[in-house]
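Survey of secondary and tertiary structure
So you can see what is in the structure, the chains are spelled out below.
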Amino acid sequence: MSRSLLLVNQAWLAPELRELGHRICTAGVSSSVFDVNYPPFAEVDELLASLPDGFAPDAIVLFDDSSVLHLIGLETCSLPVLFV
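So, a few notes on the structure that sits alongside this text. Everything numeric in this text was worked out from a predicted model, so none of it was measured.

To continue, consider the overall build of the chain. Along its length, the chain carries two helices and seven strands. Helices (α) and strands (β) of the chain occur, in sequence order from the N terminus, as β-α-β-β-β-α-β-β-β. Rg of the C-alpha trace for the chain: 12 Å, near the compact-globule value of 12 Å for 84 residues, within the 12% margin. In terms of principal-axis extent, the alpha carbons of the chain reach across some 30 × 25 × 25 Å. A sequence separation of at least 24 residues applies to 46% of the contacts in the chain between residues at least 6 apart. Here the chain displays about 5,000 Å² of accessible surface, and carbon together with sulfur accounts for 56% of that area.

Here the focus is the nonpolar core. Counting residues in hydrophobic clusters, the biggest one holds 17 residues, and the most contacted among them are Leu6, Val8, Tyr38, Leu47, Leu51, Ile60 and Leu71. Those elements that place two or more of their residues in this core are strand 1 (4–8), strand 2 (23–28), helix 2 (44–49) and strand 5 (59–62). Leu5, Leu7, Ala14 and Phe63 belong to the second largest nonpolar core, which has eight residues in total.

Right, let's talk about the pattern of salt bridges for a bit. Inspection of every chain in the model, using the stated rule, returns one salt bridge. Measuring nitrogen to oxygen at the nearest pair gives 3.4 Å for the salt bridge that ties Asp35 to Arg18. With Asp35 in the loop between strand 2 and strand 3 (36–37) and Arg18 in helix 1 (residues 14–19), this pair connects stretches of sequence that are 17 residues apart. For Asp35, a relative accessible area of 46% puts it in the partly exposed group.

Turning to the sheet that holds strand 1, a few remarks are in order. One open sheet holds the five strands; their spatial order is 3-2-1-5-7, and the pairing between them is parallel. In this open sheet, the two strands that pair with only one neighbour each are strand 3 and strand 7 (81–83). Sheet analysis places strand 2 next to strand 3, joined by two bridges and oriented parallel. Opposite Ala27, over in strand 3, you have Val36 as the bridge partner.

This part covers a negative patch on the surface. Taken together, the side chains of Glu43, Asp45, Glu46 and Glu75 define an acidic patch exposed on the protein surface. Its place among the elements puts Asp45 in helix 2.

Before going further, it helps to examine a nonpolar patch on the surface. A cluster of nonpolar side chains, contributed by Phe41, Val68 and Ile72, occupies part of the molecular surface with about 280 Å² of accessible area. Within the secondary structure, Val68 sits in the loop between strand 5 and strand 6 (71–72).

Another point: the pairing of strand 2. Burial analysis of strand 2 places five of its six residues in the buried class, which makes it a mostly covered element. A crossover links strand 1 with its parallel partner strand 2, the connecting element being helix 1, and its sense is right-handed.

Conventions we followed
Residues numbered from 1 in each chain as written. Predicted model: local features only at pLDDT ≥ 70, side-chain atom pairs only at ≥ 80, totals over all residues. Heavy atoms only, no water. Helix = DSSP H or I, 4+ residues; strand = E, 2+ residues; numbered from the N terminus. Rg over C-alpha atoms; globule rule 2.2 N^0.38 Å. Contact = heavy atoms within 4.5 Å. Areas by Shrake-Rupley, 256 points an atom, 1.4 Å probe, with all protein chains shown as cover. Core = buried A, V, L, I, M, F, W, Y, C linked by side-chain atoms within 4.5 Å. Buried < 20%, exposed > 50% of the residue type's maximum accessible area, 1.4 Å probe, protein only. Salt bridge = Lys/Arg side-chain N within 4 Å of Asp/Glu carboxyl O. Pairing = 2+ DSSP bridges. Patch = residues over 30% accessible without salt bridge, like charges linked within 9 Å, V, L, I, M, F, W, Y side chains within 5 Å. Lys, Arg positive; Asp, Glu negative; His and termini not counted. Charge placed at Lys NZ, Arg CZ, Asp CG, Glu CD. Right-handed = clockwise from strand over helix to strand, strands pointing away.

Have a look at this one:
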């Protein structure tokens, strides 16, 4: 079963997950590596609203980037969040 996944902080595994048939969108703070950029300390709802038309993630995969967490509101997000 394919899923729509939002990968946050890193674009790691995006090609492999796409190859497996999943829809992937990457997001992070100010880098050309990501499909979507968001400002530091943005609300997760703001990020979700800024995703490309038609992309509705089934889950958020939040990668540890050894930095301060720049996404606020994950604890109240209605989507499952996986911290890697």
